[in-house]
Amino acid sequence: MTDSRHREWNSAVYHRLSAPQVSWGKKVLSRLRLRGDELVLDAGCGTGRLTADLLESLPRGRVIAVDLSENMLRSASEHLSKYGCQVRLVACDLLHLPFERAFDGIVSTAAFHWVLDHDRLFASLRYALVPGGWLEAQCGGGPNLKRLRERADALAATPPFHQFFAGFQEPWLYQNAADAAESLRREGFVAVETSIEPAMTILDNAEQYNEFVRNIILRRHLENLPSEELRAQFMTALNEQAGSDDPPFSLDYWRLNLRGRVPE
Ligand SMILES: C[S@@+](CC[C@H](N)C(=O)[O-])C[C@H]1O[C@@H](n2cnc3c(N)ncnc32)[C@H](O)[C@@H]1O
């Protein structure tokens, strides 16, 4: 179970700044071949920007959108209010989905890398699908954000920050395509396809980079620092390095695509 202290996001900031995640997610949704009447799970729905797109493709169907963060679900509830009972929001952990043989399909974008045990995650998803049900997903994978992560690790090992990072472990699992495919097959998925693709993202300026990295990428790192002064100091060092990159304020994102089915 994910530690409850670390569940929360600044959902207003995520909603405003998640253009990169939304553009990747729209590509994932474009791969779906829907009849329009399915019951679909959106696993880790965030503020519901992509859930709305999914609902538009399901005029006679329904979506159950789940997330661990109450803030995210509150924002999603506002964003999705016009869909009425076509959508239901549920607070739960993807590792412990309270559904059995319920869904025709599962969609998930930018969420699975926050779950550190993919065998258990895929077992939980498989259990929630009907026989013949499908999974179409994408999350961070492979060398995702390697440059930024190395810089954050180096800073975290340096005074005055090092005392606050004793025993800290990165909050993500970035699998490669082969390991993810093996994990899906181990948990009973068939017709498995996985791939890694680059998704280099360039932010507009130092302010946007700072807000994005602080609230979206390194929010769990910054939770370790006990004062706003230290958090600002940590971010200033990263911002300076990012400003010297070519192109400046770029993020070396990589996405892991995941597809599979439950046998009939
Ligand atoms: C980066 S956001 C992605 C939101 C949305 N799918 C999108 O693409 O914009 C990741 C979401 O996954 C959720 N999440 C992370 N771990 C989770 C877990 N174990 N169970 C349920 N949701 C989780 C987070 O709370 C967050 O809302």
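Conventions adopted
- Residues numbered from 1 in each chain as written.
- Predicted model: local features only at pLDDT ≥ 70, side-chain atom pairs only at ≥ 80, totals over all residues.
- Heavy atoms only, no water.
- Helix = DSSP H or I, 4+ residues; strand = E, 2+ residues; numbered from the N terminus.
- Rg over C-alpha atoms; globule rule 2.2 N^0.38 Å.
- Buried < 20%, exposed > 50% of the residue type's maximum accessible area, 1.4 Å probe, protein only.
- Contact = heavy atoms within 4.5 Å.
- Areas by Shrake-Rupley, 256 points an atom, 1.4 Å probe, with all protein chains shown as cover.
- Lys, Arg positive; Asp, Glu negative; His and termini not counted.
- Charge placed at Lys NZ, Arg CZ, Asp CG, Glu CD.
- Near = heavy atom within 4 Å.
- Polar contact = N/O pair within 3.5 Å; in protein donor to acceptor, adjacent residues only side chain to side chain.
- Nonpolar A, V, L, I, M, F, W, Y, C, P; charged D, E, K, R; others polar.
- Salt bridge = Lys/Arg side-chain N within 4 Å of Asp/Glu carboxyl O.
- Pairing = 2+ DSSP bridges.
- Axes fitted to C-alpha atoms, helices over the stretch in contact; angles between N-to-C directions.
- Core = buried A, V, L, I, M, F, W, Y, C linked by side-chain atoms within 4.5 Å.

1. Considerations on the overall build of the chain
Within the chain, the secondary structure is distributed over 10 helices and 9 strands. Taken over the C-alpha trace, the chain has a radius of gyration of 19 Å; the compact-globule value for 264 residues is 18 Å, and the two agree within 12%. With respect to the principal axes defined by its C-alpha atoms, the chain has extents near 55 × 40 × 35 Å. In the chain, which comprises 264 residues, the proportion classed as buried is 52%. The long-range fraction of contacts in the chain, counting pairs at least 24 apart against all pairs at least 6 apart in sequence, stands at 80%. Of the accessible surface of the chain, which amounts to about 12,000 Å², a share of 49% is contributed by carbon and sulfur atoms. Taking the 30 positively charged and 35 negatively charged side chains of the chain as two groups, their mean positions are separated by 4 Å.

2. Looking at the site of the ligand
Taken together, 19 residues surround the ligand, and among them Tyr14, Gly44, Asp67, Leu94 and Thr109 come closest. The separation between a nitrogen atom of the ligand and a polar main-chain atom of Leu68 is 3.3 Å. In this structure, a nitrogen atom belonging to the ligand sits 2.9 Å away from a main-chain N or O atom of Leu94. Protein coverage of the free-state accessible area of the ligand, which is 600 Å², stands at 96%. Partitioning the shell around the ligand into residue classes produces 12 nonpolar, 5 polar and 2 charged.

3. Considering the pattern of salt bridges
For the coordinates displayed, the defined rule picks out 17 salt bridges. Between Arg231 and Glu228 there is a salt bridge, with the nearest N and O atoms lying 3.3 Å from each other. Of this pair, Arg231 and Glu228 are both found in helix α10 (residues 228-243), 3 residues apart, which corresponds to roughly one turn of the helix. By sharing partners, the salt bridges in this structure join Lys27, Arg31, Glu136, Glu193, Glu197 and Arg259 into a single network.

4. Remarks on unusual backbone geometry
Trans is the common state for peptide bonds, and a negative phi is the common state for residues other than glycine. Between Pro159 and Pro160 the backbone carries a cis peptide bond, its omega angle lying at 5°. You can see Pro160 is positioned in the loop between α6 (146-156) and α7 (177-186). Here the bond from Asp246 into Pro247 is cis, since omega is 0°, no more than 30 degrees from zero. For Ala110, which is not a glycine, the phi torsion comes out positive at approximately 55°. Structurally, the position occupied by Ala110 is in the loop between β4 (103-109) and α5 (118-128).

5. Thoughts on the sheet that holds β4
Taken in spatial order, the 7 strands line up as β3-β2-β1-β4-β5-β9-β6 in an open sheet, and their pairing is mixed. The open sheet has two edge strands with one neighbour each: β3 (87-91) and β6 (190-198). Direction aside, neighbouring strands of the sheet carry axes that sit 15° apart on average. Inspection of the sheet shows strand β5 (residues 129-140) paired to strand β9 (residues 254-261) by 7 bridges, in the antiparallel sense. Bridging from a neighbouring strand, Leu135 pairs with Gly260 of β9. The sheet contacts of α5 involve β4, β5 and β9, and relative to β5 the element is tilted by about 140°. Sitting on the sheet, α7 is in contact with β5, β6 and β9, with an inclination near 155° to β6.

6. As for the nonpolar core
Grouped together as the largest cluster of nonpolar side chains are 34 residues, with contacts concentrated most on Ile217, Leu218, Phe234 and Leu251. Mapped by element, the contributors of at least two residues to this core are α1 (11-17), α6, α8 (206-217) and α10. Once residues within four sequence positions are removed from consideration, Ile217 is found in contact with Trp114, Leu145, Leu148, Trp172, Phe212, Leu251 and Tyr253. Listed in part, the 31 residues of the second largest apolar core include Ala43, Leu97, Phe189 and Val192.

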